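Letter by letter, the chains look like this.
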Amino acid sequence: MRGGRKRKLHLSKIYSFTCCKASFKGEHSQIGGRGYSRVVFCNEPDNFEAGIRNYADNSVRSTKYTAATFLPKSLFEQFRRVANFYFLVTGILAFTKLAPYKAVSAILPLIIVIGATIVKEGIEDWRRKKQDIEVNNRRAKVHKVDGTFEYTAWKNLRVGNIVKVEKDEFFPADLLLLSSSYEDAVCYAETTNLDGETNLKLKQGLEVTSSLNEDLNFRNFRATVKCEDPNASLYSFVGSMEFEEQKYALSPQQLLLRDSKLRNTDYIFGAVIFTGHDTKVIQNSTDPPSKRSRIEKKMDRIIYFLFCILFLMAFVGSIFFGVSTKDDFENGLVKRWYLRPDDSTIFYDPKRSAAAAMFHCLTALMLYGFFIPISLYVSIEIVKVLQSIFINQDIYMYYKEADKPAHARTSNLNEELGQVDTILSDKTGTLTCNSMEFIKCSIAGVAYGRGVTEVEKTMHRRKGSPFVHEHDISAEDDIRDSLDKKALIKGFNFTDERITNGNWVNEPHADVIQKFFRLLAVCHTAIPEVDNDTGNVSYEAESPDEAAFVIAARELGFEFCKRAQTSLSTCELDPISGKKVERMYKLLNVLEFNSSRKRMSVIVEDEEGKILLLCKGADSVMFERLAKNGREFEEKTMEHVHEYADAGLRTLILAYRELDAEEYKEFDNRFSKAKNLVSANQETLIEEVSDSIEKNLILLGATAVEDKLQSGVPDCIDKLAQAGIKIWVLTGDKMETAINVGFACSLLRQGMKQIIIHLDSQEIQAQEKDGDKIAIAKASRQSVLLQISEGAAQLAAYRGSSKQAFALIVDGKSLAYALEDNMKNMFLELAIRCASVICCRSSPKQKAL
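Now for a quick tour of the structure. For clarity, every value in this text was computed on a predicted model and none was experimentally measured.

Of regular secondary structure, the protein chain possesses 24 helices and 31 strands. In the protein chain, buried positions account for 49% of the 849 residues. Relative to all contacts within the protein chain whose residues are 6 or more apart in sequence, the contacts with residues 24 or more apart total 72%. Carbon together with sulfur atoms contributes 54% to the accessible area of the protein chain, which is approximately 43000 Å² in total.

Take a look at the structure:
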């Protein structure tokens, strides 16, 4: 599939929600007006009109200074410091007759101090400049003439250029997706650098340009794009494309953002829409601000205080001096004859004693200048530079896997690290590795998998048990033995002799086990990649969870081996013959996962002509969708799911149903109409139709995957806690899971009192059954307010005790009410007084607050 060969897959027909058509309604009607005035001439960067518009080039700058602004801006930075400004004033006054010393003695120390600091600033900014040069000189393939693509530096790209980006390369600018290695112009983008999300995003070009899949196709390609002006919104894009005298609506689905990476796709062709500082990622960044640390600001306040004392000394002294000078020559008598008051300058003239006192005050301000410690700033700067060197050379901050040491881009804010009092963190990918391993499962009410998770080990230690269950110990031994025999399989850490090596055929519910793993092998959007040299199959999946499920199915005898346009094939163990046979499933529909649906389904037709709906999703939405005759294993499965949650595992419920031909035909008609409808509420209509078919399911079981804690997380959190730093963690896990993971990573500790805010009371549950939304909301608000008040009372009772630590644990529903205007201040006050805060069942929107 390399070298420009096209993948004959129409993934847009697999996806239901992601690949929706844009309409010309709503914001599209504003194209050409204010804020929507950008015009791009694709494949015509030298167009005269494009030149008039003078769009930004594709070079970016993250430096604080330029050659022209370095000296004025750096001098401004230095004279913002009170002491430097004081010595500048005294240095200027030193050139007057007021000075009690030579000017050089006042100016030279100031020049040395400011010069050293400016040199340090220049060195740090030059390092940023080198990083900019490295980014701007990355290479990208751009269309030149007659369908030939040549490499050029990123900085040379211009609006309208056609570029070719290959797998695992970064997008050099904001691109309009035209075509890809898939026939329907679909590609996957990894946006980790933009929003921290590790799940791949599906993008799709317009159908009209999807055939432009070879270099030569762009020889005579011309199109005009009219779209919104540069802005910082990562998730919106409004525009239209005129191609072959037809106009087509554009949406965020066609926009590939700079600094995101092409994944699971061999190549794409795109037109440059936004370049350089017009790109959305750079629009979201700000110019390097002039930052001043707390210590520097505190030093300024100290200098102000010292200056007040200095001024008071000079002022009082000048008053005495003025009085004494005035008394020197009175009634023709000279008191201090040696000062010659009868023949003196204005500085000592008794007749002008007020002016002499003022000048004396200025002289005293210069004379007592040693009272202001200019060397203090130099000492602090030296300490900061040394600290940044230590940070860069700290072996404990070296990340071996990526071969990356710590890098202090600036030394101005080092001391701020020691003043952090609260850390907000996500769980997945921050505390954990975001590398999922299939470790346990529950099938037909029977728990399988003998692995022991880190959370389980912590639970046993917390309860005082020196050892875990005997079968868990033997399971660990089995795992070690298996690792000796074969290489570790990424994503698979499952061991149970009842299931492995085809032994599942001897289990009482072998038919359910077969359906369970068949569902794992079929219900996904992964793409198999076959290594021509070794014959091994690897999978390119949108998320680590999905990859772990497909790998687990393969290792347990249900290998997903091929995906065609309208079908997929598996190699399954036949329980009757005991041999592996290839089975083909006709792929009818895919109802993919999203955060609101919390489930994914595929509709397939097997070789016997049966139409099956295979579904996997969160327990919060799956159990309510079970049919009356599909709940045989519900009680046991729920029990196992709670156990898995307690063990810190991520769980999904698996279920299926068989559809009759007439029912599917009716669904397919409604579904096709909704999918082809071009309107603003298209996605809502698709979801309603999908919801109507994902009912009356038959429960098969549950999966459990482990996302291991990153190495050293418990020790790190423990040390942060000892330093008095509070840690807030937001996670989508259940409360039980979040609490146990909290103990595993030392976020929750022995002796720590827990304040739990939730909405699982019997009163709330009873009202939820009644379905009165107004009553539910009212009761929920009152419950959350009461729980916050009780928590505050607990803290008040232990206010005098510094040894007692508290942890606040709140679920997503409660958090929504707690952040309302009438109680958010109470909630915040409660949270900041707790050593640890865990927000569980948090939605992506709540994490973004």
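Examined bridge by bridge, strand β9 (residues 239-243) and strand β10 (residues 246-250) share 5 bridges and lie antiparallel to one another. Bridge assignment links Glu242 to a residue of β10, and that residue is Lys247. The loop that links β9 with its antiparallel partner β10 comprises 2 residues; one of these, Glu244, has a positive phi angle of about 55°.

Turning next to the packing of aromatic side chains. Two measures describe an aromatic ring pair: the distance that separates the ring centres and the angle between the ring planes. Under the counting rule described, the total for this entry stands at 19 aromatic pairs. Taking 6.4 Å as the distance between ring centres and 85° as the angle between the ring planes, the aromatic pair formed by Phe237 and Phe274 counts as edge-to-face. Residue Phe237 is located in the loop between β8 (223-227) and β9, and its partner Phe274 is located in strand β13 (residues 267-274); the two are separated by 37 residues in the primary sequence. The same class applies to Phe237 and to Phe274, which are both buried. Between the aromatic rings of Phe492 and Phe494, the centroid separation amounts to 6.2 Å while the plane-to-plane angle is 45°, which identifies the pairing as tilted. Classification of Phe492 by relative accessible area gives buried; the value is 10%. Linked through ring pairs, Phe149, Phe218, Phe221, Phe243, Tyr267 and Phe269 together constitute an aromatic cluster.

Between its first and last C-alpha, helix α21 (residues 773-797) extends 36 Å over 25 residues, near the 36 Å set by a 1.5 Å rise per residue. Within the span of α21, buried status applies to Ile776, Ala777, Ala779, Ser780, Ser783, Val784, Gln787, Ile788, Gly791 and Leu795. Taken together, the buried residues of α21 touch β29 (753-757), α20 (762-770), β30 (806-811), α22 (812-818) and α23 (824-832).

A contiguous nonpolar patch, built from Phe307, Phe311, Leu312, Phe315, Val316, Ile319, Phe320 and Val323 and spanning about 740 Å² of accessible area, is present on the exposed surface. The exposure class of Ile319 is partly exposed, given its relative accessible area of 42%.

Note on placement: Tyr101 falls in the loop between α3 (82-93) and α4 (103-136). When the C-alpha positions of Tyr101 and Met366 are compared, they lie 8.9 Å apart, and in sequence the two are 265 residues distant. With near-sequence residues (within four places) excluded, Tyr101 lies in contact with Ala94, Ala106 and Met366. Here Met366 takes part through its backbone oxygen, which lies 3.4 Å from a polar atom of the side chain of Tyr101.

Within the secondary structure layout, Ile391 lies in helix α9 (residues 374-392). Counting along the chain gives 16 residues from Ile391 to His407, while the straight-line C-alpha distance between them is 7.1 Å.

This paragraph deals with the nonpolar core. By size, the foremost hydrophobic cluster in this structure holds 76 residues, and its most contacted members are Phe438, Ile443, Phe517, Val602 and Leu614. Per element, the largest residue contribution to this core is 9 residues, and it comes from helix α12 (residues 510-522). With sequence-adjacent residues up to four places away left out, Phe517 is seen in contact with Cys441, Ile443, Ile499, Ala553, Leu556 and Phe558. By size, the runner-up hydrophobic cluster in this structure holds 30 residues, among which are Phe221, Cys227, Phe243 and Ala271.

Looking now at the sheet that holds strand β7 (residues 201-204). In spatial order, the strands read β7-β6-β12; together these 3 strands make up an open sheet with antiparallel pairing. If you trace the sheet from one side to the other, it starts and ends with β7 and β12 (261-263), each paired once. Pairwise comparison of adjacent strand axes, ignoring direction, gives a mean angle of 45° for this sheet. Pairing of strand β6 (residues 186-190) with β12 involves 3 bridges; the strand directions are antiparallel. Looking at the pairing, Ala189 lines up with Leu262 of β12.

Overall, the coordinates contain 37 salt bridges when judged by the stated rule. Arg650 is the salt-bridge partner of Asp545, the closest N and O atoms lying 3.2 Å from each other. Of this pair, Asp545 sits in helix α13 (residues 544-555) while Arg650 is found in strand β26 (residues 650-659), placing the two residues 105 residues apart along the sequence. On the basis of relative accessible area, Asp545 is assigned to the buried category, the value being 15%. The salt bridge involving Glu694 is made with Arg599; its shortest N-O contact spans 2.7 Å. Of this pair, Glu694 sits in the loop between α17 (682-693) and β27 (698-709) while Arg599 sits in strand β24 (residues 599-605), placing them 95 residues apart in sequence. Both residues of the pair, Glu694 and Arg599, belong to the buried class. Three or more residues joined by partner-sharing salt bridges are found here, namely Lys64, Arg81, Lys120, Glu121, Glu296, Glu381 and Lys384.

The rules behind each value
- Residues numbered from 1 in each chain as written.
- Predicted model: local features only at pLDDT ≥ 70, side-chain atom pairs only at ≥ 80, totals over all residues.
- Heavy atoms only, no water.
- Helix = DSSP H or I, 4+ residues; strand = E, 2+ residues; numbered from the N terminus.
- Buried < 20%, exposed > 50% of the residue type's maximum accessible area, 1.4 Å probe, protein only.
- Contact = heavy atoms within 4.5 Å.
- Areas by Shrake-Rupley, 256 points an atom, 1.4 Å probe, with all protein chains shown as cover.
- Pairing = 2+ DSSP bridges.
- Phe/Tyr/Trp six-rings, centres within 6.5 Å; stacked < 30°, edge-to-face > 60°.
- Expected span 1.5 Å × (residues − 1).
- Patch = residues over 30% accessible without salt bridge, like charges linked within 9 Å, V, L, I, M, F, W, Y side chains within 5 Å.
- Salt bridge = Lys/Arg side-chain N within 4 Å of Asp/Glu carboxyl O.
- Polar contact = N/O pair within 3.5 Å; in protein donor to acceptor, adjacent residues only side chain to side chain.
- Core = buried A, V, L, I, M, F, W, Y, C linked by side-chain atoms within 4.5 Å.
- Axes fitted to C-alpha atoms, helices over the stretch in contact; angles between N-to-C directions.

In short, the description is geometric, and any link to function would need to be established separately.
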